[in-house]
Amino acid sequence: MFTEKGYATHLDREDDLKSFRNEFYISADTIYFDGNSLGLLSKRAEASIQTLVESWKNYAIDGWTEGNHPWFYLSEELGKLSADLIGTSPEEIIITGSTTTNLHQLTASFYKPEGKRTKILADELNFPSDIYALKSQLQLKGYEAQDHLIQVKSEDGNTLDTQTIIDFMAEDVALIVLPAVLYRSGQILDMKTLTDEAHKRGILIGFDLCHSIGSVPHELSDWGVDFAFWCTYKHLNGGPGSVGGLYVNQKHFGNEPGLAGWFSSDKGKQFDMEHELTAAPHAGAYQIGTPHVLSAAPLLGSLEMFQEAGIQNIRKKSLQLTNYLLELIEAELKEFKFKVANPCDEITRGGHIFLEHPEAARICKALKADGVIPDFRNPNGIRLAPVALYNTFEEVWEMVRILKRIMTEERYKKYENKRGVIA
Ligand SMILES: *Cc1c(COP(=O)(O)O)cnc(C)c1O
C-alpha cells in the first residue's frame, strides 16, 4: 500500500539520484521543504567558495586572470554551466546581477515604445518585485503605469489561462513579461505557445525563471524566447543573495544594452578604457559593473551537480515526489479541507505543491514546531517543495504523517493565525 512507510523506503532505494543527498548539509531533525525559497548548502558549493577565497588570498589583483577560475571570465564560465538547464547556447547566458536588476536591465533594453505600441503586458499573479520594476521602467519612459501596465487576470486566483493571455496580446503591446512557473500555485506556463503567439503579433516576450530553473527543463532557444532572467538561490542552491542570471536570444546580439557599464564591454577592448563602448557580441553585453565574485562562487560547485544529475532526471524525480505527495494528501488529509491549488497534470505542474487552508498561517507554525519547514504565502497558502537533489520519499511520507497529527489533534490552535515578518 502506498500509504505505508515501506512504500516510501522502496521508492528511495530505487531512486537514481539518491547519492546527491549525501552532498548536502541536512539537519537531522528537520524535513526541509523550502528549497524553492532558499536551497540548501552543498559541500561542493562550500568548497568552491573556499577555492575563490584562496585565489584572493594567493593572487590578490592577479586573481582576475590567475587561479582555477579567473574572476574576469567567471560570469561567462557560470553561464556555460547553466546552458543545459534552460536549453540555450552558452553565449546566450550571463551570470550577473539579481532577478530584479536583470529585469530592469532587460526592460531597459527591450522595451522600445513606438507609435501606438507602448504598453507592457504582465499578469496579476506575478511576484511583486517584477511588477514594481516594470512600473518604474514605464515611468522612466514617461508613461503612467496605471494605463500602460496591463495585467492578465486569473479566473481562479491561482492559475493563468493560455488563451486568456493570448487575448491580451493587443496591437498596443510592445513587451510581455511573465513568470515561467508561478510562485504561488507552481503552474508552468506554455512558454512555446505564448512566444509563438507574441511573435505573430510583433511583440517581444521574456520570462522570469526564478521558480523553474533547476526544477523543470526549458528549450528557450528553440522556442525563440527573446530574453529571460532568474535568481540562483532557490532551486539552484547558490546561497543567500547568490548572483542571478539572464538569457538573451542570439538574434538580438549586437544591440546596445539599455543600462551600460564597463563590464558590458567586449573583453578584448575593456581595458582600452575608451569612452565609446564596444559591447560584447553576446549576452555578456548585459552586464553592468564588476561581478560579485564571492556571491557567484558557490555556483561553481552547485551547477556542477546539476550537470551530473541532468535536468531531465531531476524533473522526473520531482514529478514522482509531487505525485506521491498529492496521492498521500488525497488519501490521508481528505477530511481537513485542504484545497490543492496547484495544477495536478504533469505538463503544467512545477516543482512544488500549493495547499490552501483558512488556518494556513498557524498550520505552518505548527509544522515548523514539529520539524517540517514549509513556507507560508499570504493569506492562506502553504507551499511544499520536495526537491529532487536532496529530499526523499520517506520525508514526504513523514511530513504527511506529521501534518495529519497536527490536524487531528488541532495542534495548530496553539498559535496565532498570522504571518511572521518573513513568510
Ligand atoms: C524570488 C523571486 C524574485 C526575487 O527577486 P530578487 O531580485 O532575486 O530579490 C523575483 N521574482 C520572482 C518571480 C521570484 O520568484
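Residues numbered from 1 in each chain as written. Predicted model: local features only at pLDDT ≥ 70, side-chain atom pairs only at ≥ 80, totals over all residues. Heavy atoms only, no water.

- Where an unreviewed UniProt entry is consulted, the chain appears under the name Kynureninase, with the organism given as Virgibacillus tibetensis.
- In UniProt, the chain has this text filed under Subunit (unreviewed entry): "Homodimer."
- Of the comments in the UniProt record for the chain, the one headed Sequence similarities (unreviewed entry) reads "Belongs to the kynureninase family." (UniProt positions renumbered as here; feature names shortened; annotations may be inferred.)

So, the UniProt feature "modified residue: N6-(pyridoxal phosphate)lysine" (unreviewed entry) in the chain
- The residues that UniProt annotates with the feature "modified residue: N6-(pyridoxal phosphate)lysine" (unreviewed entry) are Lys234.
- In this structure, lysine 234 sits in the loop between strand S7 (227–230) and strand S8 (245–248).
- With a relative accessible area of 8%, lysine 234 lands in the buried category.
- Setting aside its immediate chain neighbours within four residues, lysine 234 contacts Gly35, Asn36, Ser37, Leu38, Gly39, Cys210 and His211. (Helix = DSSP H or I, 4+ residues; strand = E, 2+ residues; numbered from the N terminus. Buried < 20%, exposed > 50% of the residue type's maximum accessible area, 1.4 Å probe, protein only. Contact = heavy atoms within 4.5 Å.)

Considerations on the packing of helix H3 (residues 74–86) against helix H11 (residues 293–309)
- H11 packs onto H3 with a crossing angle of 30° between their chain directions and a minimal axis gap of 10 Å. Taken together, the axes of H3 and H11 are roughly parallel relative to one another. Handedness of the H3/H11 crossing: left-handed. In contact with Leu74, Glu77, Leu78, Lys80, Leu81, Ser82, Asp84 and Leu85 of H3, H11 contributes Val293, Ala296, Leu299, Leu300, Leu303, Phe306 and Gln307.
- Partitioning the contact of H3 with H11 into residue classes produces 10 nonpolar, 2 polar and 3 charged. (Axes fitted to C-alpha atoms, helices over the stretch in contact; angles between N-to-C directions. Parallel < 35°, antiparallel > 145°, perpendicular 65-115°, else oblique. Left-handed = near helix turned anticlockwise from the far one by under 90°. Nonpolar A, V, L, I, M, F, W, Y, C, P; charged D, E, K, R; others polar.)

Here we look at the environment of threonine 159
- For threonine 159, the location among the structural elements is in the loop between strand S4 (149–152) and helix H7 (162–167).
- Residues threonine 159 and aspartate 226, 67 residues apart in the sequence, show an inter-C-alpha distance of 23 Å.
- What threonine 159 contacts, discounting residues up to four positions off in sequence, is Leu125, Ser154, Leu182, Ser185, Gln187 and Pro343.
- One polar contact links threonine 159 to aspartate 156, side chain to side chain, over a distance of 2.8 Å. (Polar contact = N/O pair within 3.5 Å; in protein donor to acceptor, adjacent residues only side chain to side chain.)

Some thoughts on the site of the ligand
- Lining the immediate environment of the ligand, one finds Ser98, Thr99, Thr100, Asn126, Phe127, Asp130, Asp208, Cys210, His211, Cys231, Tyr233 and Lys234.
- Within the side chain of threonine 99, one N or O atom sits 2.8 Å away from an oxygen atom of the ligand.
- Burial of the ligand by the protein chains amounts to 86% of its free accessible area of 390 Å².
- Split by residue class, the shell around the ligand holds 4 nonpolar, 5 polar and 3 charged. (Near = heavy atom within 4 Å. Areas by Shrake-Rupley, 256 points an atom, 1.4 Å probe, with all protein chains shown as cover.)

With respect to a nonpolar patch on the surface
- Where nonpolar side chains cluster on the molecular surface, the patch consists of Trp262, Phe271 and Met273 and spans about 350 Å² of accessible area.
- Owing to a relative accessible area of 53%, phenylalanine 271 belongs among the exposed residues under this scheme. (Patch = residues over 30% accessible without salt bridge, like charges linked within 9 Å, V, L, I, M, F, W, Y side chains within 5 Å. Salt bridge = Lys/Arg side-chain N within 4 Å of Asp/Glu carboxyl O.)

Thoughts on empty space enclosed by the protein
- By the definition in use, this model includes 2 cavities of 30 Å³ or more.
- Around the largest cavity, the lining residues are Gly214, Ser215, His235, Phe306, Ile314, Ser318, Gly351, Pro386, Val387, Ala388 and Leu389.
- Two domains each put at least three residues into the lining of the largest cavity: domain 1 (5–32 + 310–408) and domain 2 (47–308).
- If you add up the space inside the second largest cavity, you get close to 40 Å³.
- Considering the residues around the second largest cavity, the lining is formed by Leu74, Ser75, Leu78, Ile95, Val243, Pro291, His292, Val293 and Ala296. (1 Å grid on protein atoms, 1.4 Å probe; cavity = no way out; pocket = protein on both sides within 12 Å on 5 of 7 lines; lining within 4 Å. Points joined across faces, edges and corners; volume = space filled by probe spheres on them. Domains from an automatic or database assignment.)

Quick look at the sheet that holds strand S3 (residues 119–123)
- Spatially, the 7 strands line up as an open sheet ordered S2-S8-S7-S6-S5-S3-S4, and their pairing is mixed. A strand with exactly one partner marks an edge of an open sheet, and here the two such strands are strand S2 (93–95) and S4. Pairwise comparison of adjacent strand axes, ignoring direction, gives a mean angle of 20° for this sheet.
- Pairing of S3 with S4, which is carried by 4 bridges, proceeds in the parallel orientation. Note on S4: the bridge partner recorded for leucine 121 is isoleucine 150. (Pairing = 2+ DSSP bridges.)

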